[in-house]
Amino acid sequence: MNNENMHHGSHQDHHAMMMEDFKKRFIISTILTIPIFLLSPLIQQFLGISIGFTGDQYLLFVLSTVVFFYGGYPFLKGIADELNKKEPGMMTLIAVAITVAYAYSSAVVFGLEGKFFFWELASLIDVMLLGHWIEMKSVLSASRSMEELVKLMPSEAHRVKSDGDLEDVSLTEIQEGDIVLVKPGEKIPADGDIVEGESSLDESMLTGESRPVSKSVGDEVIGGSINGEASLKVEVKKTGEDSFLSQLINLVQEAQGSKSRTQNLANRAALWLTIIALSGGAITFALWTIVMNTDLAFSLERSVTVMVITCPHALGLAIPLVVAISSTLGAKNGLLIRDRSAFENARNINSILFDKTGTLTKGEFGVTDTIPFTNDLDENQILKYAASLESNSEHPIAKGIVSSSNEHFYVENFQSIPGKGAEGTVESRNVKVVSPGYLDENGISIPENKHIDKLRTQGKTVVYVLLDDELTGAIALADIIRPESKEAVSKLKSMGVRCMMLTGDNEQVARWVANEVGLDEYFSEVLPQDKSKKVKEIQSRGYIVAMTGDGVNDAPALAQADVGIAIGAGTDVAVETADIILVKSNPMDAVSILGLSRATYKKMIQNLFWATGYNAAAIPLAAGILYNQGILLSPAAGAILMSLSTVIVAVNARFLSFKS
């Protein structure tokens, strides 16, 4: 394991230890709170019971002292840390509230006339410890949810030895270049390429893709995915920290560690609430003591209640819970967030720039049109003859034709026509698939056809099919547009996002793809080093730009964009210049990112409202503004309202969802 993984591991262990510490302090403090409640005069009066014995107030003091120093230690330590950093926040507020309550109640035990606040002190500490424990548990579980993937890896692999025999070895013994056999139903032991066999793989735990994915020789496989119906031999390409899963875990941890702009807003709100609470508490105490001339105990009770009810503990949960849940939700759907700030900014995107090859298109040649020139053969028959012939060729155009036909005839006498095409005997007929240059050399004229003219203007590659030297039809090929691209662009436009494309291809090809997909604008013949300039140009128009590319030659543009999205990263998820990485090669995931970002921000704002909104009404009530009408909030009621807000925030965060 590398140093970074060790750092992540030690950080998480520390987080787990802190979580267990809060849990232990909460349990012990809650147990001690029971007798504190029973010994408190106000609780006895409320329950209609009487528990009194010699020295009962001293026992109450001792129990409360243990709760104050043991249960309240994290907050007492926290105030010291916050004041040292000159950043007073919720720890300061909690510490001041419990210290005032403890100091005053202790003074009453030893002679000062007044009321005990020990039960309020204990209940406040219990609620705060519970809230911090819930927060830490949620964040830790979200982080660990990705590490659970590692446990799904097999413990052993069937390594193929040089003599062809198999040996079972542990995963730690597997090295790059090893050949492993994966039997039906077993899990792929490491990232690699299939060298023998064909099967379907379940990659749902890694990519969120629920349907099995067909794989054959030459295809990449991801360690941890489940093999389907047939045995495969896989050449190992990545192990250890280089593997997909390890990089996935690092990315999720990196995302959870990155700063959130909305969290900064929450921290500023917590600071202001602290100032308001302390000032409000002091003003309330002064008004009741000096202006209203009430007794010290009542004035102090009002002051403590104001500080308790203003306590922004729910504010501390509001953002971290949503961050943790959205990171996990995204990762489960193949959306990996590396930079929280950029991800939150994605909700403001009003322009998205797609790279063409490999993003909007598949990056592979395929047949787009077949045009018959005679009535003897239809499109499927022409394509079948051509695909049969080209099945003997390794040329990219030939492969594109072959992949577009499911049926092939047997071919005899195959031979290449250098630089011009190929010919052979298919079903007793001489078949040629040739370039326009071959037709020119042999004086074969192309029939007038508007469709052919249109194909040329689209920049497609056109080859011609001759049967027994008669020009029978034409086949057009181009980089195949992904079927999801049009839907993705349509949905983005409905969300108010301007959709554009960058490509190094010529004007005709760019125009064709733009028209097919429904783009608002496109830029053709753009060199890789000039892509970032185009991003700047669009930004200069006032747009907030997301750049979506393959993360290789698009790196400068990804870095320049307001939000960089690497699409189709596959097993190579460590794209340093991207803010967000999409595991699947699906443009629809760009829509999902915007949907998740907007849903996440909406949920954050909802939580900030629930965390702070109740203060507007509760603080004046806590201060006693309706005292003459018989409405008065006790410190206990304040703690209940504060804890209710915390529960609402936690539950609300759990309902985070998004539509792709």
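Residues numbered from 1 in each chain as written. Predicted model: local features only at pLDDT ≥ 70, side-chain atom pairs only at ≥ 80, totals over all residues. Heavy atoms only, no water.

Details of the side chain of Asn-227
- Positionally, Asn-227 belongs in strand S8 (residues 226-227).
- For Asn-227, a relative accessible area of 3% gives the class buried.
- Of note is the side chain of Asn-227, whose polar atom sits 3.1 Å from the backbone oxygen of Val-182.
- Excluding residues within four positions of it along the chain, Asn-227 makes contact with Val-182, Lys-183, Pro-184, Gly-185, Glu-186, Ser-199, Ser-200, Leu-201 and Leu-232. (Helix = DSSP H or I, 4+ residues; strand = E, 2+ residues; numbered from the N terminus. Buried < 20%, exposed > 50% of the residue type's maximum accessible area, 1.4 Å probe, protein only. Polar contact = N/O pair within 3.5 Å; in protein donor to acceptor, adjacent residues only side chain to side chain. Contact = heavy atoms within 4.5 Å.)

Structural notes on the packing of helix H3 (residues 56-71) against helix H5 (residues 90-109)
- The contact between H3 and H5 brings their axes to 11 Å, and the two run at 160°. Taken together, the axes of H3 and H5 lie roughly antiparallel to each other. Both H3 and H5 take part in a crossing whose hand is left-handed. Across the interface between the two elements, Gln-57, Tyr-58, Phe-61, Ser-64, Thr-65, Phe-68 and Phe-69 from H3 touch Ile-98, Thr-99, Tyr-102, Ser-106 and Val-109 from H5. (Axes fitted to C-alpha atoms, helices over the stretch in contact; angles between N-to-C directions. Parallel < 35°, antiparallel > 145°, perpendicular 65-115°, else oblique. Left-handed = near helix turned anticlockwise from the far one by under 90°.)

Re a nonpolar patch on the surface
- Residues Ile-34, Leu-38, Phe-46, Leu-47, Ile-49, Ile-51, Phe-53 and Leu-59 make up a contiguous nonpolar surface patch of about 740 Å² in total accessible area.
- Of all the elements in the fold, those that place two or more residues in the nonpolar patch are helix H1 (3-39) and helix H2 (41-47).
- Counting through the fold element by element, Ile-51 comes out in the loop between H2 and H3.
- Using a relative accessible area of 31% as the deciding quantity, one classes Ile-51 as partly exposed. (Patch = residues over 30% accessible without salt bridge, like charges linked within 9 Å, V, L, I, M, F, W, Y side chains within 5 Å. Areas by Shrake-Rupley, 256 points an atom, 1.4 Å probe, with all protein chains shown as cover. Salt bridge = Lys/Arg side-chain N within 4 Å of Asp/Glu carboxyl O.)

What to know about the environment of Leu-596
- With respect to the secondary-structure elements, Leu-596 resides in helix H22 (residues 588-623).
- Accessibility expressed as a relative area gives 0% for Leu-596, which makes it buried.
- In the structure, Leu-596 is positioned 60 residues away from Leu-656 in sequence and 8.9 Å away in space, judged by C-alpha atoms.

As for the UniProt feature "transmembrane region" (unreviewed entry) in the protein
- Per the UniProt record, "transmembrane region" (unreviewed entry) is annotated on residues 26-46, 58-76, 88-110, 116-134, 269-291, 303-331, 608-627 and 633-656.
- In residues 26-46, helix accounts for 95% and strand for 0%; the two terminal C-alpha atoms are 25 Å from one another.
- In residues 88-110, helix accounts for 87% and strand for 0%; the two terminal C-alpha atoms are 32 Å from one another. (UniProt positions renumbered as here; feature names shortened; annotations may be inferred.)

Description of unusual backbone geometry
- Non-glycine residue Asp-468 carries a positive phi angle of around 55°.
- By secondary structure assignment, the location of Asp-468 is in the loop between strand S16 (461-467) and strand S17 (470-481).
- We classify Asp-468 as partly exposed; its relative accessible area is 43%.

Looking at the sheet that holds strand S9 (residues 232-238)
- Reading across the sheet, the 6 strands line up as S2-S1-S3-S9-S4-S7 and stay open at both edges, with antiparallel pairing between neighbours. Both edges of this open sheet fall to strand S2 (166-170) and strand S7 (220-221), since each of them pairs with a single strand only.
- Bridge analysis of strand S4 (residues 191-196) against S9 gives 5 bridges, and the strand direction is antiparallel. By the bridge assignment for S9, Gly-192 is matched with Val-236. (Pairing = 2+ DSSP bridges.)

Overview of the nonpolar core
- One finds Ile-352, Leu-492, Leu-519 and Ile-593 to be the most contacted residues of the largest nonpolar core, which totals 50 residues.
- In terms of residue count, H22 provides more of this core than any other element does, 10 residues in total.
- Residue-level mapping places this core at the junction of two domains, with at least three residues from each of domain 1 (11-147 + 254-324 + 606-655) and domain 3 (335-360 + 482-583).
- Those residues in contact with Ile-352, other than ones at most four positions away along the chain, are Leu-492, Val-497, Arg-498, Cys-499, Met-500, Ala-546, Thr-548 and Ala-590.
- The next biggest cluster of nonpolar side chains, apart from the first, holds 40 residues, and it includes Val-67, Ala-277, Leu-300 and Met-307. (Core = buried A, V, L, I, M, F, W, Y, C linked by side-chain atoms within 4.5 Å. Domains from an automatic or database assignment.)

Notes on the pattern of salt bridges
- The full count for this structure, using the stated rule, is 23 salt bridges.
- For Glu-235, the salt bridge is made with Lys-237, and the minimal N-O distance between the two is 3.6 Å.
- With relative accessibility at 25%, the residue Glu-235 sits in the partly exposed group.
- Lys-237 gets classed as partly exposed once you look at its relative accessible area, which sits at 34%.
- Look at the salt bridges and you will find they share partners, linking Arg-498, Glu-521, Lys-534, Glu-537 and Arg-541 into a network.

Considering helix H15 (residues 396-403)
- Here H15 has its buried residues at Ile-397, Ala-398, Gly-400, Ile-401 and Val-402.
- Lining the buried residues of H15 we find strand S12 (361-372), helix H14 (379-390), strand S15 (429-434), S16 and S17.

A closer look at the sheet that holds strand S6 (residues 213-215)
- In spatial order, the strands read S6-S5-S8; together these 3 strands make up an open sheet with antiparallel pairing. Looking at strand neighbours, the two that pair on one side only are S6 and S8, the edges of this open sheet.

Let's talk about the packing of helix H4 (residues 73-84) against H5
- Packing of H4 against H5 brings their axes to within 8 Å, and their N-to-C directions diverge by 130°. On the basis of their axis angle, the class for H4 and H5 is oblique. In this structure, H4 crosses over H5, and the sense of that crossing is left-handed. Along its contact with H4, which presents Pro-74, Phe-75, Leu-76, Gly-78, Ile-79, Glu-82 and Leu-83, the element H5 presents Met-90, Met-91, Thr-92, Ile-94, Ala-95, Val-96, Ile-98 and Thr-99.
- In terms of residue class, the contact of H4 with H5 is built from 11 nonpolar, 3 polar and 1 charged. (Nonpolar A, V, L, I, M, F, W, Y, C, P; charged D, E, K, R; others polar.)

Comments concerning the pairing of strand S3 (residues 179-182)
- Summarising the sheet, strand S1 (residues 156-160) and S3 pair through 2 bridges and their orientation is antiparallel. By the bridge assignment for S3, Arg-159 is matched with Val-180.
- Pairing of S3 with S9, which is carried by 4 bridges, proceeds in the antiparallel orientation. Counterpart to Leu-181 in the pairing with S9 is Lys-233.

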